[in-house]
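# Architecture and fold: a report
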Amino acid sequence: MTIPLYVAEQGTYLSLKQQQLQVWQGDNLLTSLPLQRLSHIVVFGRCTLSHAVVNRVLQQQIPVMFLTQSGRYCGRLSAEGLPDIERLVAQVERSRDRQFVLTQARQIVSGKLHNCRVLLQRLNRSRRDAEIRVCIAQLKDWRDRALESPSLEGLLGCEGQGTRIYFQGLGRCIQPPFAFSVRRRRPPTDPVNALLSLGYTLLYQTVFSLVRAVGLHPHFGNLHVPSSRYASLVSDLVEEFRAPLVDSVVVSLLNRGGVQPDDFFPADVRGAVYLRPAGLKRFLSAWQQRLQTSVTHPQVGEPILYVRAIEVQVWDYVACLVGERSVYCPFVWKV
């Protein structure tokens, strides 16, 4: 099982010694990992890669993502790789099949809204908040409507309404001194939105790497229509994991004191709020711990790591493309 490496310390230097990737800060060796264990590398802020590291990650097709110190995506270093022509042809053909697109998009929205509902149910066990109960009931209704939607436009409406209701309920689960009322992305204007944006970025990059690894084109999706501006398929496969992976980690950190208000920089001229370095390290630690947590996968039928569950879903989508499975089966969380 390969794992991602996150490098958040500023002024670090990545070097290669035999098959070991070494992370240095001055004369201090921070960590050393076998290169073959890495699925991808995410670098925050100032970090230098040796020529040997650049050559080797390209040869072994280990993508490197570059983010600002605050977590905004800048770009990636990755080899073109060898696409699977059969899968690519099937992917393009399927993207033009309106019924296939709608069928899979329904499943994607259904999986997302189901998992959002389960997270609210889990968070409300001890709270017993009546308004959260209303949100939980409404989410079930919008999920049912999504499964019956006759068009992609109607499905996007169900997804939008369900997401709005979900965030209303999620806001009631977050304890002072933090508060959350609405999702704001560009830029995130409060600590909760800053954490959500960072988590979604990390999840997106994980899924992107896996999609490329199986030889698919990241820009041909279903719910998110094919576009040159964003990776549509990656955006599709991210949806069902937002609540189980990102949102649950964010709420846990906020409510258990894993981050504090002073872990965030004051809003900049755009109104954007981002984590300070110490808070970023704690968030990355919690994120990595969640990826390495076991969960019972409904299709596999046994506990597997969350990072492995994402990979299983990518392969499940491949099975749909090549006709081994007629309907994509999203990862669904148990209450």
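These remarks concern the structure in this document.

Right, let's get into the sheet that holds strand 2 (residues 12-17). Here 4 strands make up an open sheet; going across it, the order is 4-3-2-6 and the pairing mixed. Of all the strands in the sheet, just strand 4 (28-34) and strand 6 (47-49) have a single pairing partner and so form its edges. Each neighbouring strand pair of the sheet contributes to a mean axis angle of 25°, computed without reference to strand direction. In the sheet, strand 2 pairs with strand 6 via 3 bridges, with the strands oriented parallel. By the bridge assignment for strand 6, Leu-14 is matched with Leu-49. Strands in contact with helix 1 (residues 51-59) are strand 2, strand 3 (20-25) and strand 6; relative to strand 2, the strand with the most contacts, it is inclined by about 65°.

In terms of nonpolar packing, the biggest core is built from 89 residues, with Phe-44, Leu-120, Tyr-166, Leu-202, Leu-203, Phe-283 and Trp-287 touching the most fellow members. Excluding residues that lie within four positions of it along the chain, Tyr-166 makes contacts with Cys-116, Leu-119, Leu-120, Leu-139, Ala-243 and Asp-247. Membership of the second largest hydrophobic core comes to 17 residues, among which are Val-7, Leu-14, Leu-21 and Val-57.

A separate point is the pattern of salt bridges. If you walk through the whole model with that rule in mind, you get 10 salt bridges. As a salt-bridge pair, Glu-131 and Arg-172 come within 3.3 Å of each other at their nearest N and O atoms. Remark: Arg-172 occurs in helix 5 (residues 152-173) and Glu-131 occurs in helix 4 (residues 130-148); sequence separation between them is 41 residues. Judged by relative accessible area, Glu-131 falls into the partly exposed class, the value being 47%. Relative accessible area serves as the criterion here: at 38%, Arg-172 is assigned to the partly exposed category. For the salt bridge of Arg-308 with Glu-311, the shortest nitrogen-to-oxygen distance reads 3.5 Å. One end of the pair is Arg-308 and the other is Glu-311, both in helix 10 (residues 306-321) and 3 residues apart, which spans about a single turn. Judged by its relative accessible area of 31%, Arg-308 falls in the partly exposed class.

The next subject is the sheet that holds strand 8 (residues 73-77). Here 4 strands make up an open sheet; going across it, the order is 1-5-7-8 and the pairing mixed. If you trace the sheet from one side to the other, it starts and ends with strand 1 (3-7) and strand 8, each paired once. Across the sheet, the mean angle separating the axes of adjacent strands is 20° when strand polarity is ignored. By the bridge criterion, 5 bridges tie strand 1 to strand 5 (residues 38-44) in an arrangement that is parallel. From the neighbouring strand, Tyr-6 faces strand 5, where its bridge partner is Val-42.

In this section: the packing of aromatic side chains. This structure, assessed with the given rule, holds 7 aromatic pairs. Note on Phe-167 and Phe-180: the rings are 5.6 Å apart at their centroids and 70° apart in plane angle, and the pair reads as edge-to-face. On the criterion of sequence distance, the pair formed by Phe-167 in helix 5 and Phe-180 in the loop between helix 5 and helix 6 (191-213) is long-range, its members being 13 residues apart. By relative accessible area, which is 10% here, Phe-167 ends up buried. Ring geometry for Tyr-306 and Phe-331: centres 6.3 Å apart, planes at 70°, overall edge-to-face. Of this pair, Tyr-306 sits in helix 10 while Phe-331 sits in the segment after helix 10, and the two are 25 residues apart along the sequence. Of the residues examined, Tyr-306 reaches a relative accessible area of 4% and is grouped as buried. On the basis of relative accessible area, Phe-331 is assigned to the buried category, the value being 0%. In this structure an aromatic cluster arises from ring pairing among Tyr-166, Phe-167 and Phe-180.

Cut-offs applied
- Residues numbered from 1 in each chain as written.
- Predicted model: local features only at pLDDT ≥ 70, side-chain atom pairs only at ≥ 80, totals over all residues.
- Heavy atoms only, no water.
- Pairing = 2+ DSSP bridges.
- Helix = DSSP H or I, 4+ residues; strand = E, 2+ residues; numbered from the N terminus.
- Axes fitted to C-alpha atoms, helices over the stretch in contact; angles between N-to-C directions.
- Contact = heavy atoms within 4.5 Å.
- Core = buried A, V, L, I, M, F, W, Y, C linked by side-chain atoms within 4.5 Å.
- Buried < 20%, exposed > 50% of the residue type's maximum accessible area, 1.4 Å probe, protein only.
- Salt bridge = Lys/Arg side-chain N within 4 Å of Asp/Glu carboxyl O.
- Phe/Tyr/Trp six-rings, centres within 6.5 Å; stacked < 30°, edge-to-face > 60°.

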